[in-house]
Structure formats: C-alpha cells, structure tokens
Amino acid sequence: YMTDIELRAMVELITAHAVSTKGVWPEEGLIRVWAFDLRKPPAREATYPPSLMRSEMGDRALEEGWAIELFAVAKKYGPPPPPRYMQGKLKEEAANNAHRVRVITLNHGAGRATQDELDWLAWREAEMKEILAIRAEKRETAA
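Every chain's residues receive numbers from 1 upward, in the order its sequence appears when written. Local features in a predicted model are, by the rule used here, given only for residues with pLDDT of at least 70; side-chain atom pairs are given and counted only at 80 or more, and totals for whole chains, interfaces and linings are based on all residues. Where side-chain values are given, they derive from all heavy atoms of the structure, hydrogens and water being excluded.

Turning our attention to the pattern of salt bridges. By definition here, a salt bridge exists when the distance from a side-chain nitrogen of Lys or Arg to a carboxyl oxygen of Asp or Glu is within 4 Å. Counted under the stated rule, the structure contains eight salt bridges. Notably, a salt bridge pairs Glu 64 with Lys 91, separated by 3.2 Å at the nearest N-O pair. On the criterion of sequence distance, the pair formed by Glu 64 in helix 4 (residues 56–64) and Lys 91 in helix 6 (residues 84–109) is long-range, its members being 27 residues apart. Between Glu 69 and Arg 124 there is a salt bridge, with its nearest N and O atoms 3.0 Å apart. Of the two residues, Glu 69 sits in helix 5 (residues 67–77) while Arg 124 sits in helix 7 (residues 115–142), which places them 55 residues apart along the sequence. Any residue under 20% of the maximum accessible area for its type is buried, any over 50% is exposed, and the rest in between are partly exposed; the area is computed with a 1.4 Å probe on protein chains only. Overall, Arg 124 belongs to the buried group, its relative accessible area being 11%. For helices the rule is a DSSP run of H or I covering at least 4 residues; for strands it is a run of E covering at least 2, with both sets numbered from the N terminus onward.

Set out below in structure tokens:
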C-alpha cells in the first residue's frame, strides 16, 4: 500500500538508524511504527480496524449509532481500542453528526445544501457501507 517514494524513504530511515547505531538494525516493531507514521494502511488491508468493527465494541457502536466515528478513530490511530472516556466522546460526536445529517438532508431537499455537505454525506454513507461489509464477513465466518 505504500508508494515507491515512501518505500525508498523507509530504506533511508532504516539505513540511517543502522549507521547511527553502528550496524544495529532496528527491530521490526520500530520499522512498523515508522511505516505507519508515513502512511497508514487502507482500512481493508489493515487488520485492526476491521477486527475492531467485528468485536463486541463494534457491535455496541453499531447498535448505539457511533460505528462510523469508531471506525474513523481505528483507522486514524490504530490500537488500542478507545477507553470509556473516549467512547463517550465518540458517542457525543456521533450525536452531533446525526444532527448534521438531518440538517443537510433538509437543506438538500430545499436546494440549499453545499457540495461539501453532500460530499460529507456521501463519505458517511460509504463508511457505513464498508462497516456493514466488514460485519457481513463476520457473519459469514461464524456460519
């Protein structure tokens, strides 16, 4: 998932580390952290975001309406799962986003929604479609 330029940057970073430590190569975990900082893997190629969405927390987030927000955090920050405090913040954000969806939908019906607002709605719909596809894989695996 990384570009050729990013891969070359990784080679330089790893080599620079080995030179600065007199030939000691960095551990795999450190290399993975550097790679993650350069470019996070696409959600479907990363193991953590889909795993979180298939988990009990993912079940709750879908039932309670904050699955899109949880998925976004999982993709942006990776593990570990958000603690209770952060889950509360995600629920608040989801409530605000649900209100925003209603307002944009009303504005769209009246011809007043901006393209940015419509793009945001399309992004949310695509995220939910992705979440549901991930969760469908969970059901297929369980069957």
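From this point on, the discussion continues.
For helix 1 (residues 4–20), spanning 17 residues, the distance from its first C-alpha to its last is 24 Å, which sits close to the expected 24 Å at 1.5 Å a residue. When helix 1 is considered as a whole, its buried residues turn out to be Glu 6, Met 10, Ile 14, His 17 and Ala 18. Projection of helix 1 onto a plane perpendicular to its axis shows the buried side chains occupying an angular sector of 115 degrees, all on one side. Turned more than 90 degrees off the buried face of helix 1, the exposed positions are Asp 4, Ile 5, Arg 8, Val 11, Glu 12, Val 19 and Ser 20. By definition in these notes, contact holds between two residues if any of their heavy atoms fall within 4.5 Å. Looking at the buried positions of helix 1, the neighbouring elements they touch are helix 2 (28–38). In a helix, the anticipated span is given by 1.5 Å times the number of residues less one. The arc in question is the one traced by the directions running from the helix axis out to the C-beta atoms.

All right, on to the nonpolar core then. Ranked by internal contacts, the top residues of the largest apolar core, which has 16 residues, are Leu 52, Met 53, Trp 66, Leu 70 and Ile 131. Every element with two or more residues in this core is listed here: helix 3 (48–54), helix 4, helix 5, helix 6 and helix 7. Sequence-distant contacts of Leu 70, that is, excluding residues within four places in its chain, are made with Leu 52, Met 53, Met 57, Gly 58, Ala 61, Pro 82 and Leu 90. Core analysis: the next-biggest nonpolar cluster, separate from the first, contains five residues, Met 2, Ile 14, Trp 34 and Ala 35 among them. Nonpolar cores were defined as sets of buried Ala, Val, Leu, Ile, Met, Phe, Trp, Tyr and Cys residues, with membership established by side-chain atoms within 4.5 Å.

The geometry of helix 5 relative to helix 6 is characterised by a closest axis approach of 8 Å and an angle of 125 degrees between their N-to-C directions. Taken as axis vectors, helix 5 and helix 6 run oblique relative to one another. In the packing of helix 5 onto helix 6, the handedness of the crossing is right-handed. Taking contact as the criterion, the partners of Glu 69, Leu 70 and Val 73 in helix 5 are, on helix 6, Leu 90, Glu 93, Ala 94 and Asn 97. Helix axes use the C-alpha atoms of the stretch in contact, all axes being lines fitted to C-alpha atoms, and the angles between their N-to-C directions lie in the range 0 to 180 degrees. Orientation is classified from the angle alone, with under 35 degrees giving roughly parallel, over 145 giving roughly antiparallel, 65 to 115 giving roughly perpendicular, and any other angle giving oblique. Take the far helix as the reference: if the near one is turned anticlockwise from it by less than a right angle, the crossing is left-handed, and if turned clockwise, right-handed.

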